[in-house]
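The primary structure of each chain is shown beneath.
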Amino acid sequence: MSAKREDADLLLRLYEMRREPKLREARAYFMGKFCAQTLDELNAVLQNPESSALLRQSVTYWEMVASLVNRGLLDTELFFENTGELPYFWEKLKAVVPAQREAMKNPLLYANIEKLATAYFTWAEKRAPGSAAAFQARIADGVAKLRAAR
């Protein structure tokens, strides 16, 4: 698919949504504080009304965005060229997803995010070999530091 003006318009609208104060707060929470690695740790986050709301706000935003891209409603390469946040988000979330899918009896939970992040890493590796692994290592290191600081 080749990017069209409609893709640019949608990308800009999604960016504007990211600037909404509550979504900014949710993204800041997720990027700066979220470090759950087990279902018990995730459940602790979800039992706190404030952190639960922030987590749900950010995860549903990225699941929606990934759904649009995965369905071809937004050019994939244009999206990849203009965001690194979705793969960052997936890297921080992926440790707890299998257990959460099992607990919720929903194998499709966060499937759009996972699919798009996987495609992103494949795309990034083709363009810059070694970049995906370096990115993933940097996120893992950041999560480890957050966990150590608790």
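The following paragraphs examine the structure supplied in this document. (Residues numbered from 1 in each chain as written. Predicted model: local features only at pLDDT ≥ 70, side-chain atom pairs only at ≥ 80, totals over all residues. Heavy atoms only, no water.)

**A word on helix 1 (residues 5-18)**
Here is step 1: Compared with an ideal rise of 1.5 Å per residue, which puts 14 residues at 20 Å, helix 1 spans 20 Å between its outermost C-alpha atoms and is within 8% of the ideal.
Here is step 2: If you check which residues of helix 1 are buried, you get Asp7, Leu10, Leu11, Leu14 and Arg18. Taken end-on, helix 1 shows its buried residues confined to a sector of 100 degrees, consistent with a single buried face. Along helix 1, exposed side chains directed more than 90 degrees from the buried face belong to Arg5, Glu6, Leu12 and Arg13.
Here is step 3: Those residues of helix 1 that are buried are in contact with helix 2 (21-32), helix 4 (49-70), helix 5 (76-82) and helix 6 (85-93). (Helix = DSSP H or I, 4+ residues; strand = E, 2+ residues; numbered from the N terminus. Expected span 1.5 Å × (residues − 1). Buried < 20%, exposed > 50% of the residue type's maximum accessible area, 1.4 Å probe, protein only. Arc of directions from axis to C-beta. Contact = heavy atoms within 4.5 Å.)

**With respect to the pattern of salt bridges**
Any two side chains of opposite charge can pair, given that their charged atoms come close.
Here is step 1: For the structure on display, the rule yields eleven salt bridges.
Here is step 2: In this structure, Glu41 engages Arg147 in a salt bridge whose closest nitrogen and oxygen atoms are separated by 2.7 Å. Of the two residues, Glu41 is situated in helix 3 (residues 39-47) and Arg147 in helix 9 (residues 131-149); the sequence distance between them amounts to 106 residues.
Here is step 3: The partner of Arg127 in a salt bridge is Glu77, and the shortest N-O contact between them spans 3.4 Å. Linking Arg127 in helix 8 (residues 111-127) with Glu77 in helix 5, this pair joins segments that are 50 residues apart in sequence.
Here is step 4: The structure contains a network of salt bridges with shared partners spanning Arg18, Arg27 and Glu85. (Salt bridge = Lys/Arg side-chain N within 4 Å of Asp/Glu carboxyl O.)

**Some details on the environment of Gly84**
Here is step 1: Considering the arrangement of structural elements, one finds Gly84 in the loop between helix 5 and helix 6.
Here is step 2: Residues Gly84 and Ala3 lie 81 residues apart in sequence; the distance between their C-alpha atoms is 18 Å.

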